[in-house]
Amino acid sequence: MMETPEDKPLSWFSISGIHGEPVQSWEGAPAPSSGMYCHHGKRTFPTWHRPYVALFEQVLNKHAVDIAHGYTTSDKEEWIKAAEDLRAPYWDWASDPLPPPQVIDIDKFKNLDIIWSDGQRKPPLANPLLSYRFRSQPSFYHRNYDRQTTVRCPDPDDRTNTNMASLRGSLNTVGRNWRNETFRMLMETETWNNMSNGMSKSKLPGSRPPVNSLESIHDDVHGTVAGEMGVQNFAELRPFWHSFWKSDGIRFPDTLNYTYPEFVGFHSANPSDLYDAINTAVQTLYGDGNSHISAMMSSKPVATGPPKPSFRSAAHAEGEVSNQQVLPQSTTQLSQEDRLDWVARIRSKLFQFEKSYTVLLFFGEPPADEHNWRTSDQFVGSSFVFANSSPESCDNCIERTDAIVEGFIDLTPYLKRIYPDSLDPEIIVPYLKDKIHWRIQKIDAVVVPAHEMDGLEVAIMSVPMSYSPEIRAYRMKEGVWPSHHEEITSGHRGGRGNTR
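What you see is a predicted model; the values in this text were computed from it and never measured.

A. Expanded view of the overall build of the protein chain. When helices and strands are counted, the protein chain shows 16 helices and 13 strands. Taking all 500 residues of the protein chain together, the buried fraction comes to 55%. Pairs at least 24 residues apart make up 71% of the contacts formed inside the protein chain by residues separated by at least 6 positions. On the protein chain, roughly 22400 Å² of surface is accessible, and the fraction owed to carbon and sulfur atoms is 52%.

As structure tokens, then:
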């Protein structure tokens, strides 16, 4: 695919271009007036990606089958069968933040030994999963970068090379939150609109619980890998960009002739059976990532059917209620099935800068060297804003010029380590007031002082949670809304009530 001329519609370059640049129509498919196909920040974000990835997979499969038919060895039929069964591998970053070594271990897998069609081993080939080298010199590329191959986590001393040690460290620290975030996203969001995209919905009726959307977690993966992966309109050029999409919009995978390992052999069209199967798979894959609740979950009954729909009163639609209205002030008032979680909500402008950026959260003053932020003991989590660096070329981006995005960082696991016996506000509020810090960093590693960032708001919320035996997980308690503790971040630039 990479060797196919870049002007051919089924080349790596052209298929990748559907996601961003070059700004051009693909095979005559209707495109917006700007020419860029883009569904980021929209309800169609997950379902748009699924057939897009399916196209890539179909072309990959065709190349494999064509190659296998060219084999002249006695085991030719085995090669053909293997090629016909080949599907694009995916990296389930929620289960393991480190991708397989074949795509991250540059030293060990820089070159690959291949058995050729005549059965002979010839000089190794460069591993195509490590980078993409441009075959031509597209003007859009050199307008934005000074390198001719894609990189991950660019080395600060030479941004044309990948800093693998830094990438591994960042994936291990930032990625340790992805399992918990994915589990909560799948278990606590109740509407497709809340689950699908990261646009701020605080003013919408039935506003979302303080849980990241699929898009927000996906964005954080892009920002952590960095390099081209951190630039929305170039991310698709980065090899092995396929993520684990669980899209409810295409309910039955047979439509695109694919499935997930957890559902091989599952044929029931009964919604209740499908729900139970999905719930079991989610619990198995991600449930044990919630260390602060896993012990409590181990003795709970199994699900017997779909959860009942919940409805919150319009009085809570804005999500701005006082502590006294909804929040018990002592754990002695919480039942055995209840707990109190703490969450940081980060809101900022999508197009604050001419590129993507990250807001990083710390308990304590972060290191002076920004390159050590993500691997420091003080680091808690991050919220990555995945922005198009050429928004004028994207109708969807133009429509969202003033869009506000929001992300959430679950503070509960970290606070539990410090205060294992109680997360009462009278204990947590003073600690966070003293310890919480945040920093802003562009995708090119440039640090931005908070006073130069317009519209940033970091808010801390306590969230009453109750256990739901129907889904075997905790979710936000019915009839209440998160309580904002404005005193924690107010007085700091970018804190609650201190935006410019």
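B. Representation of the packing of helix α6 (residues 164-174) against helix α9 (residues 214-225) in the model. In contact at an axis separation of 9 Å, α6 and α9 are set at 155 degrees when each is read in the N-to-C sense. By the criterion of interaxial angle, the relationship of α6 to α9 is roughly antiparallel. Helix-helix and strand crossings are classified by hand; for α6 and α9 the assignment is right-handed. Only Asp-220, Thr-224 and Val-225 of α9 make contact with α6, whose side of the interface consists of Leu-167, Ser-170, Leu-171 and Val-174. Along the lines of polarity and charge, the residues of the contact of α6 with α9 split into four nonpolar, two polar and one charged.

C. Geometry of the sheet that holds strand β6 (residues 357-363). Strands sit in the order β7-β6-β9-β10 across an open sheet of four strands; the sheet is antiparallel. Among the strands making up the open sheet, the edge pair consists of β7 (379-385) and β10 (447-448). In terms of strand pairing, β6 meets strand β9 (residues 436-442) through seven bridges, oriented antiparallel. Across the sheet, residue Tyr-357 finds its bridge partner in β9, namely Lys-442.

D. Spatial organisation of the pattern of salt bridges. The tally for this structure, following the rule as stated, stands at 15 salt bridges. One salt bridge connects Asp-66 with Lys-62, and the closest N-O pair in it is separated by 2.9 Å. A residue pair is termed a helical-turn pair when its members lie 3 or 4 positions apart in one helix, as Asp-66 and Lys-62 do in helix α2 (residues 45-69) at four residues. On the accessibility criterion, Asp-66 (43% relative accessible area) is partly exposed. In this structure, Asp-118 and Lys-122 form a salt bridge, with 3.9 Å as the shortest nitrogen-oxygen distance. In this structure Asp-118 comes out as partly exposed when scored by relative accessible area, which is 37%.

E. Just the nonpolar core, in detail. Trp-342, Leu-411, Leu-415, Leu-432 and Ile-440 are the most contacted members of the largest nonpolar core, which totals 38 residues. For this core, the secondary structure elements donating two or more residues are β5 (338-349), β6, β7, β8 (404-410), α14 (412-418), α15 (425-435), β9 and β11 (457-468). If you look at the next biggest cluster of nonpolar residues, it comprises 29 residues, including Leu-171, Val-221, Val-225 and Leu-285.

F. Representation of the side chain of Arg-184 within the structure. Tracing the backbone shows Arg-184 in helix α7 (residues 178-188). Here Asp-410 takes part through its side chain, which lies 2.9 Å from a polar atom of the side chain of Arg-184.

G. Quick look at the packing of aromatic side chains. By the definition in use, this model includes ten aromatic pairs. Aromatic pair Trp-93 and Trp-178: ring centres 6.2 Å apart, planes at 75 degrees, arrangement edge-to-face. Of this pair, Trp-93 sits in the loop between α3 (76-84) and α4 (101-104) while Trp-178 sits in helix α7, and the two are 85 residues apart along the sequence. Grouping residues by exposure puts Trp-93 and Trp-178 together as buried. Relative to Tyr-431, the ring of Tyr-419 has its centre 5.7 Å away and its plane inclined at 85 degrees; by these criteria the two rings are edge-to-face. Of this pair, Tyr-419 sits in the loop between α14 and α15 while Tyr-431 is found in helix α15, placing the two residues twelve residues apart along the sequence. Overall, the relative accessible area of 26% leaves Tyr-419 in the partly exposed class. Through successive ring pairs, a cluster of aromatic residues spans Phe-362, Trp-373 and Phe-379. Above the face of the Trp-116 ring, Lys-122 is positioned so that its terminal group lies 5.3 Å from the ring centre. Directly above the aromatic system of Tyr-474 lies the positively charged group of Arg-339, at a separation of 4.3 Å from the ring centroid.

H. Focus on the packing of α2 against α3. Orientation of α2 relative to α3, taken along the N-to-C sense of each, is 175 degrees, at an axis distance of 8 Å. By the angle between their axes, α2 is roughly antiparallel relative to α3. In contact with Asn-61, Ala-64, Val-65, Ala-68 and His-69 of α2, α3 contributes Lys-76, Trp-79, Ile-80, Ala-83 and Glu-84. Tallied by class, the residues present in the contact of α2 with α3 amount to six nonpolar, two polar and two charged.

I. Representation of α15 in the model. For α15, the set of buried residues is Pro-425, Ile-428, Val-429, Tyr-431 and Leu-432. Buried residues in α15 make contact with β5, β6, α14, β9, β11 and α16 (486-489).

J. Structural view of the environment of Ile-418. Its place among the elements puts Ile-418 in helix α14. Note on Ile-418: relative accessible area 38%, which makes it partly exposed. Sequence separation of Ile-418 and Ile-428 is ten residues, and the distance between their C-alpha atoms is 9.9 Å. Excluding anything up to four places from it in sequence, Ile-418 contacts Phe-363 and Tyr-431.

K. Broad picture of the pairing of strand β4 (residues 158-162). As paired elements, strand β3 (residues 154-155) and β4 share two bridges and run antiparallel to each other. If you follow Asp-155 over to β4, its bridge partner there is Asp-158. Taken together, β3 and the strand that follows it, β4, pair antiparallel across an intervening segment of two residues.

L. Focus on unusual backbone geometry. For Ala-445, which is not a glycine, the phi torsion comes out positive at approximately 80 degrees. Mapped onto the fold, Ala-445 is located in the loop between β9 and β10.

M. Representation of the pairing of β6 in the model. Judged by how many residues are buried, β6 sits mostly within the fold: seven of seven residues are covered. In this sheet, β7 lies alongside β6 in antiparallel orientation, the contact comprising six bridges. In the strand pairing of β7, Leu-360 is matched with Ser-382.

Cut-off values and rules
Residues numbered from 1 in each chain as written. Predicted model: local features only at pLDDT ≥ 70, side-chain atom pairs only at ≥ 80, totals over all residues. Heavy atoms only, no water. Helix = DSSP H or I, 4+ residues; strand = E, 2+ residues; numbered from the N terminus. Buried < 20%, exposed > 50% of the residue type's maximum accessible area, 1.4 Å probe, protein only. Contact = heavy atoms within 4.5 Å. Areas by Shrake-Rupley, 256 points an atom, 1.4 Å probe, with all protein chains shown as cover. Axes fitted to C-alpha atoms, helices over the stretch in contact; angles between N-to-C directions. Parallel < 35°, antiparallel > 145°, perpendicular 65-115°, else oblique. Left-handed = near helix turned anticlockwise from the far one by under 90°. Nonpolar A, V, L, I, M, F, W, Y, C, P; charged D, E, K, R; others polar. Pairing = 2+ DSSP bridges. Salt bridge = Lys/Arg side-chain N within 4 Å of Asp/Glu carboxyl O. Core = buried A, V, L, I, M, F, W, Y, C linked by side-chain atoms within 4.5 Å. Polar contact = N/O pair within 3.5 Å; in protein donor to acceptor, adjacent residues only side chain to side chain. Phe/Tyr/Trp six-rings, centres within 6.5 Å; stacked < 30°, edge-to-face > 60°. Lys NZ or Arg CZ within 6 Å of the ring centre and 35° of its normal.

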